Amino acid sequence: MSSSATSCIQTLSSILSAVPSSVSSSSNPSFSLLHDPTVSAEISSLLRHPDSGSGDNNLCRWLYDTFYSTDPELKLVVLRYVPIIAGVYLTRIALRKSLAGFEAILLALYAHETTARDGQPVSVNVPDLSQPSIYHDAKGSVKNKTTELNLAVISPTLEPHGTMRSSRRARIVGVALELYYTKISQMPARSKVEFCEFCDIWAAGVKNERRIPLPWELLQPSLRILGHCLLGSHNSKELFEAASSATVSLYRRSLHDIDAKAILATGSLLRLEKMASDPKLSVDHTEIDMSNVLSL
Amino acid sequence: MLCACSGEQFKFEDAPQSPESLATRDFSASGLSSRTGEWESKLDDVQVDEAESTLKEALSLNYEEARALLGRLEYQRGNFDAALQVFQGIDIKGLTPRMTRAIVERTRQRKPRSKGDIISSSVMSMHSVSLLLEAILLKAKSLEELGHFRDAAKECNIILEVVEAAFPNGMHEGIAEDCKLQEMFHKALELLPNLWKKAGFLSEAITAYRRVLVKPWNLDPLRKANVQKDLAATLLYGGVETSLPAHLQVWGSATPNGNMEEAILLLLILMQKVAYGEIEWDADVMDHLTFAFTVTGQFELLASFVEQALPGIYERANRWYLLALCYAAAGQNEVALNLLKKVSGQSEAKHKPHIPALLFGAKLSSQDAKHAHHGITFARNVIDLADQVNEHFKGQAHKFLGVCYGNAARISISDSERALFQKESLASLNSAALNMKEDPELVFNLSFENAVQRNLDVAFENAMAYSNMVSEDSGRGWRLLALILSADRRFRDAETILEFSLDEVGSLDQLELLRLRAVLQIAQEQPKEAIETYRILLSLIQAQREPQSNNSESAKNSDLENVAERKIEMAAWQDLAAIYTKVGSWRDAEICVNKAKSVELYSPKSWHTSGLLFEAQSLYKEALVSFSIALSIEPDYVPSIVSTAIVLIQLGSQSSLPIARSFLMNALRLEPTNHDAWMNLGLISKLEGSLEQAAEYFQAAYELEMSAPVEAFK
């Protein structure tokens, strides 16, 4: 049992009303902490509290310290709350409250990514089909020229930022979301549902609050996460429905803003969602042909 | 009599004679009749005693085969538990090596009638193998029905292992064609990844998909394409990075590096199959591709695929709209606009109007003054479709209309037309404001348009509202606010705004605002402070250019940002030259002008600044040359037109005055609010003796100067 996990849970007990014994005495406390529904519900609720993001908020402090622990499993625990932190943070900007607590966490996540990427952008190479690959033979003669790399940048190089400024906000939050996405397969479904719910809020706004600006730096990582929630995980109906709703909201928002990139991306997700939710449209080739049924 | 193995009905010439068990009778009957071809070939190829021992061998397999048949029965009836129980009795593990061997032996290319080529009696028949494979498959499917996905996957895997062991390099065409082996195997290939997905093991699912695709298994092209599509989707959305195993990484630079690359490779292959007619157009594939390319910013490539689609897949107007979206997203607004014009063109006259395309056209047009009139057409089209458009889009249309009218006014050559456009512009913007008060864009445009038309109070209110509304991208709001304040002669307030905003904005905006601060200082006759501000500005630019130690190839700024930065640098040198000219430091001024020209030679302002420098030194001929170079670069560059006139007035000869006047009138046609032009017209009138007219001109010049911003609203 890692000592950082123990001390981490101890501190948490002083912030929450109760930490269940199933977590504190578990053989894998980080894992339990990540998945325990009681703890998650309480932390989520505290994060949504009106004054939750201020600089002296002890939950924010705990999250910040936990992220810097040496146990990578504990980092996952903090990541689990990125949707709520990002969501509440962005909706409160317009209210001009002090949000130093949230900003500290977001900057910590950003700094982690900056170090991890070591000045390199995240890019992929768009393959040239004239060269054969594991999945195809090249049609026609194979030209032996060296293939030029066609690099597509998914996330540009990160500049180190120590403070939050309005001009960097979208990028910093976006990078936090990118980090969340790299670990998304380990995130509990509830966390992903929270993300989808926040997409709804960001897109449409709540009655008296303004909509949040959705620049591409924020939207692009959000769409990758949403794509996973919609089409990647197969087992949670709740998640699929939340993701469907979020997709529709973001699509409407992109039409409202007449934002070309967003229209293209959300439009494709919307069409895929329709295909995924209509079982009649999918063909299962593995069905045994039951037409020659025996009757003895 | 039904043959339980193949489920087909057979008629037998004679009733079976032996009183042995049902299974035995079935087997011999089916062995005789269902696979007559195989039986006959057995008789041809193999010695008779061989045939006998095959049968004996066959009899000893009865137990497993009986179980297989019974299990299948239970499965078909939906009794999955019972089916499982039956299947559990088959010792699969023990049989697998024999099954593999059987497959190897029986599918070897047969050399014709070679004596040494005897298939041993202990080798299972293909029929048995198929039966057993089917049993394993049904076992897996039963487990699946009962929700034990992981166990199902493990069972299914056995089938793959058996066949893969027999065919390490894949199956060629013609092998094992006429028995159910291939069919069972294909079903297993397709089932396994789905089972892993249901079990929640995406990594294993991806590995299973890859197994289907990397070797040839005679899979029907359509089914293979579906597997490729499913793998691409799992890679794109699964969120689990599963790297390729080492033995597949031998393709060097063509090895996909990461899930996204692999997904894109598969999708491109599928689109190539569509292009070659090997498979039908699949909207899903296109949607996956759209998603992948938008996330990776490959909009032009995406456009090429939209173009490749055969006619009929997209509705024509919709295709143009999609293409326009792609090209606009790629930053090619001109191309996008051309496509959108087609949407509202003649060929679409009989079709329902494509409102999103029209609106998009209006938006793109509003971003560049030269498209002002097209924008007006687009926007009016939307507004005219009143009942088909919802309130919000109507508001947007009015907004774009207002912006386009404003732009049209600025490029107009007729005074009356300009006045009309300006009126329409404000009317449209105000009409939009009825629906969309909360839209920051609209508020900014209201401020801007009012500022240009010198309605400074309204402009100020809106500029303040805009700055309060937005926290991101606020640079242009602060700039406009500062300019409006400067037009109102509230220089101190303007400087305060700039101080505040410099902390908030990004680096490029910072440079802009610093320059504006310097311009304000010049306007307040503080050349020393201005020079200091420029020094700071230029050193900031220099610092940003410094190669960073940890940035190898990636540029810090985008291309657009680099261009903008250079523009500001050049402007800074030009302004410095003007300051030095004013205070009489000719050398310094010349150095600055040359620096400006080294950034960009073909800048009218740089030559204009040279001209001013010559003029200040009373070198009128050289000044005229510089001004005419500026005008040859940009014929409508108003400052040079005015300055030419001023020099002509200086030269003083009788014939030069009318020429000077015509220059000034030209300038006023382009920029009616240019107070320098009015003033010099006054001077000319005075020199010609029309004092009353001169007084009127001076009055106009004075009033305009009193409400002029330190720099044009842009």
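In the annotation of an unreviewed UniProt entry, chain B is listed under the name No pollen germination related 1 and assigned to Hibiscus trionum.

Looking up chain A in an unreviewed UniProt entry gives the name hyccin 1, with the organism given as Hibiscus trionum. Listed in UniProt under the heading Sequence similarities (unreviewed entry), the comment for chain A reads: "Belongs to the Hyccin family."

Engineer: Before we go on, may I ask you to explain the overall build of chain A in this structure?
Structural biologist: A tally of helices and strands in chain A yields 13 helices and 2 strands. Counting only residues that meet the buried cut, chain A has 52% of its 296 residues in that class. Summed over its atoms, the accessible surface of chain A is roughly 13,400 Å², and 53% of this surface lies on carbon and sulfur atoms.

Engineer: How should the overall build of chain B be read in this particular structure?
Structural biologist: Helix and strand counts for chain B come out as 34 helices and 0 strands. Within chain B, buried positions represent 51% of all 714 residues. In chain B, 61% of the contacts between residues at least 6 apart in sequence involve partners at least 24 apart. Of the roughly 33,800 Å² of accessible surface on chain B, 53% is carried by carbon and sulfur atoms.

Engineer: Is there a simple way to explain the packing of aromatic side chains in this structure?
Structural biologist: Working definition: an aromatic ring pair is given by the centre-to-centre distance plus the angle between the planes. The final tally for this structure, using the stated rule, is 14 aromatic pairs over all chains. Here the aromatic rings of Trp 196 of chain B and Phe 201 of chain B are separated by 5.6 Å at their centres, their planes lie at 70°, and the arrangement is edge-to-face. In this structure Trp 196 of chain B comes out as buried when scored by relative accessible area, which is 12%. Judged by its relative accessible area of 27%, Phe 201 of chain B is partly exposed. Plain terms: the ring middles of Trp 678 of chain B and Tyr 697 of chain B are 6.0 Å apart, the flat faces sit at 35° to each other, and that makes the pair tilted. Residue Trp 678 of chain B is found in helix α33 (residues 675-688), and its partner Tyr 697 of chain B is found in helix α34 (residues 691-706); the two are separated by 19 residues along the sequence. With relative accessibility at 18%, the residue Tyr 697 of chain B sits in the buried group. By way of ring pairs, the aromatic residues Tyr 64, Phe 67 and Tyr 68 of chain A are connected into one cluster.

Engineer: I keep staring at the interface of chain A and chain B and nothing clicks. Help me out?
Structural biologist: It is common to give the size of an interface as the accessible area lost on bringing the parts into contact. Taken together, the 69 residues of chain A in the interface contact 86 residues of chain B. With both chains or domains summed, chain A and chain B bury close to 6,600 Å², and 62% of this area falls on carbon and sulfur atoms. On the chain A side of the contact with chain B, Ile 134, Tyr 135 and Ile 258 of chain A bury the most area, a combined 13% of that side's loss. One can count 1 salt bridge joining chain A with chain B. One salt bridge connects Arg 271 of chain A with Asp 287 of chain B, and the closest N-O pair in it is separated by 2.8 Å.

Engineer: Explain the UniProt feature "repeat: TPR" (unreviewed entry) in chain B to me, please; I cannot follow it from the model alone.
Structural biologist: Residues and elements named next belong to chain B. Listed under "repeat: TPR" (unreviewed entry) in the UniProt record, and renumbered for this structure, are residues 604-637 and 675-708. Each end of residues 604-637 is marked by a C-alpha atom, and these two atoms are 7 Å apart; helix forms 79% of the span and strand 0%. Secondary structure within residues 675-708 divides into 88% helix and 0% strand; the distance between the first and last C-alpha atoms comes to 8 Å.

Engineer: What is the right way to read the confidence of the model for chain B from this model?
Structural biologist: Should the pLDDT be low somewhere, the predicted coordinates at that spot are not to be read in detail. All names here are of chain B. The predicted model of chain B averages 85 in pLDDT, with 87% of residues at 70 or higher. Scored below 50 in pLDDT, residues 1-49 shows 53 contacts in the model against residues more than four places distant or in partner chains. Long-range and interchain partners of residues 549-556, a stretch whose pLDDT sits below 50, account for 10 contacts in this model, where long-range means more than four residues apart. Note on the complex model: pTM 0.85, ipTM 0.92.

Engineer: Would you mind showing me how to read the environment of Leu 420 of chain B here?
Structural biologist: All names here are of chain B. Tracing the backbone shows Leu 420 in helix α20 (residues 415-435). By relative accessible area, which is 43% here, Leu 420 ends up partly exposed. Between the alpha carbons of Leu 420 and Ala 409 there is a distance of 7.9 Å; along the sequence they are 11 residues apart.

Engineer: Looking at this model, I keep getting lost on the pattern of salt bridges. Mind explaining?
Structural biologist: Where charged atoms from two side chains of opposite charge come close, those side chains can pair. Residues and elements named next belong to chain B. In this structure the tally under the stated criterion is 41 salt bridges over all chains. With a shortest N-O distance of 3.3 Å, Lys 370 and Glu 334 are connected by a salt bridge. Residue Lys 370 is located in the loop between α17 (355-365) and α18 (372-384), and its partner Glu 334 is located in helix α16 (residues 333-343); the two are separated by 36 residues in the primary sequence. Given a relative accessible area of 55%, Lys 370 falls into the exposed group. Here Arg 515 makes a salt bridge to Asp 575, at a shortest N to O gap of 2.9 Å. Taken as a pair, Arg 515 in helix α25 (residues 507-523) and Asp 575 in helix α27 (residues 559-583) lie far apart in primary sequence, 60 residues in all. For Arg 515, a relative accessible area of 10% corresponds to the buried category. Through salt bridges with shared partners, a single network forms among Arg 479, Glu 512, Arg 515, Asp 575, Lys 605 and Glu 711.

Engineer: Whenever I open this one, the packing of helix α11 (residues 221-237) of chain B against helix α13 (residues 283-295) of chain B confuses me. Can you help?
Structural biologist: To characterise two packed helices, one gives the angle between the axes of the helices and the distance between these axes. Residues and elements named next belong to chain B. The interhelical angle for the contact between α11 and α13, taken along N-to-C directions, is 30°, at an axis separation of 11 Å. By the angle between their axes, α11 is roughly parallel relative to α13. Between α11 and α13 lies a crossing of left-handed hand. For the pair formed by α11 and α13, the contact residues are Lys 229, Ala 233, Leu 236 and Tyr 237 on the first element and Asp 284, Val 285, His 288, Phe 291 and Ala 292 on the second. For the contact of α11 with α13, the per-class residue count stands at 6 nonpolar, 1 polar and 2 charged.

Engineer: So what exactly am I meant to see when it comes to helix α10 (residues 202-214) of chain B here?
Structural biologist: Because an α-helix completes one turn every 3.6 residues, residues spaced three or four positions apart along the sequence face the same direction. Between the first and last C-alpha of α10 of chain B there are 18 Å, a value that for 13 residues agrees with the 18 Å anticipated at 1.5 Å per step. Where α10 of chain B is buried, its residues meet α9 (180-199), α11 and α12 (259-275) of chain B.

Engineer: Would you explain the state of the cysteines in this entry?
Structural biologist: Disulfides are covalent bonds that link the sulfur atoms of two cysteine residues. Residue and element names in this part refer to chain A. Considering all chains together, one arrives at 0 disulfides over all chains under this definition. Looking at Cys 8, it has no disulfide partner, and the nearest cysteine sulfur is the one in Cys 60, 15 Å off. Cysteine Cys 199 is unpaired, with the sulfur of Cys 196 as its nearest cysteine sulfur at 6.2 Å. Owing to a relative accessible area of 0%, Cys 199 belongs among the buried residues under this scheme.

Engineer: Just to check I follow, could you spell out the environment of Leu 192 of chain B for this structure?
Structural biologist: Residues and elements named next belong to chain B. Relative to the helices and strands, Leu 192 resides in helix α9. The spatial distance from the C-alpha of Leu 192 to the C-alpha of Val 583 is 84 Å, given a sequence separation of 391 residues. With sequence-adjacent residues up to four places away left out, Leu 192 is seen in contact with Ala 153, Cys 156, Asn 157, Leu 160, Ala 208 and Arg 211.

Engineer: Looking at this model, I keep getting lost on unusual backbone geometry. Mind explaining?
Structural biologist: Note on backbone geometry: most residues besides glycine have negative phi, and most peptide bonds are trans. Its identity is not glycine, yet Ile 258 of chain A carries a phi of approximately 50°, on the positive side. Structurally, the position occupied by Ile 258 of chain A is in the loop between α12 (237-257) and α13 (260-277). Among the residues examined, Ile 258 of chain A registers a relative accessible area of 5% and is labelled buried. Residue Arg 489 of chain B is not a glycine yet carries a positive backbone phi of 65°. Considering the arrangement of structural elements, one finds Arg 489 of chain B in the loop between α23 (475-487) and α24 (491-504). The exposure class of Arg 489 of chain B is partly exposed, given its relative accessible area of 36%.

Engineer: Would you take a moment to explain the nonpolar core for this structure?
Structural biologist: Looking at soluble globular proteins, one finds that nonpolar side chains tend to be buried together. Of all hydrophobic cores here, the largest spans 218 residues; its most connected members are Leu 33 and Trp 62 of chain A together with Phe 360 of chain B. If we skip the residues at most four places from it in the chain, Leu 33 of chain A touches Cys 8, Ile 9, Leu 12, Val 23, Val 39, Trp 62, Leu 74 and Val 77 of chain A. Membership of the second largest hydrophobic core comes to 51 residues, among which are Ala 459, Tyr 466, Met 469 and Phe 491 of chain B.

Engineer: Is there a simple way to think about the side chain of Asp 575 of chain B in this case?
Structural biologist: The exposure class of Asp 575 of chain B is buried, given its relative accessible area of 8%. Apart from the residues within four sequence positions on either side, Asp 575 of chain B is in contact with Arg 515, Val 519, Tyr 534 and Lys 605 of chain B.

Criteria and thresholds
- The written sequence of each chain sets the order in which its residues are numbered from 1.
- To read the labels, note that chains go from A and ligands from 1, taken in the order they are written.
- It should be noted that, the model being predicted, local features are given only for residues of pLDDT at least 70 and side-chain atom pairs only at 80 or more, the latter also being counted only at that level, while totals for whole chains, interfaces and linings use all residues.
- Remark: hydrogens and water are excluded; side-chain values derive from all non-hydrogen atoms of the structure.
- UniProt positions are given in the numbering used here, feature names are shortened, and annotations may be inferred rather than shown by experiment.
- By definition, any uninterrupted DSSP run of H or I lasting at least four residues is a helix, any uninterrupted run of E lasting at least two residues is a strand, and each is numbered from the N terminus.
- For the exposure calls, accessible area comes from a 1.4 Å probe over protein chains only, and a residue counts as buried if that area is under 20% of its type's maximum, exposed if over 50%, partly exposed in between.
- Reported accessibility uses the Shrake-Rupley method at a 1.4 Å probe radius. Residues are deemed covered only where the shown protein chains occlude them.
- Residue contacts are defined here by distance: any two heavy atoms, one from each residue, within 4.5 Å place the two residues in contact.
- For this analysis, a ring pair means two rings from Phe, Tyr or Trp (six-membered ring only for Trp) whose centres lie within 6.5 Å, classed as stacked if their planes differ by under 30 degrees, edge-to-face if by over 60, and tilted for the remaining angles.
- Summed over both partners, the accessible area (1.4 Å probe) lost when two parts come together is defined as the buried area.
- One side-chain nitrogen of Lys or Arg within 4 Å of one carboxyl oxygen of Asp or Glu is enough to make a salt bridge.
- Here pLDDT means the predictor's own confidence in every residue, given as a number from 0 to 100.
- Note on method: axes are straight lines fitted to C-alpha atoms, helices fitted across the in-contact stretch only, with angles between N-to-C directions ranging 0 to 180 degrees.
- Convention used here: angles under 35 degrees read as roughly parallel, angles over 145 as roughly antiparallel, angles from 65 to 115 as roughly perpendicular, and any remaining angle as oblique.
- Left-handed is the label given to a crossing in which the near helix is rotated counterclockwise from the far helix by less than a right angle, and right-handed is the label when the rotation is clockwise.
- Ten residue types, Ala, Val, Leu, Ile, Met, Phe, Trp, Tyr, Cys and Pro, are classed as nonpolar, four, Asp, Glu, Lys and Arg, as charged, and the remainder, Gly among them, as polar.
- Every helix has an expected span of 1.5 Å times one less than the residues it contains.
- By disulfide we mean two sulfur atoms from cysteines, separated by a distance within 2.5 Å.
- We define the nonpolar core as a collection of buried residues of types Ala, Val, Leu, Ile, Met, Phe, Trp, Tyr and Cys that are connected through side-chain atoms lying within 4.5 Å of one another.

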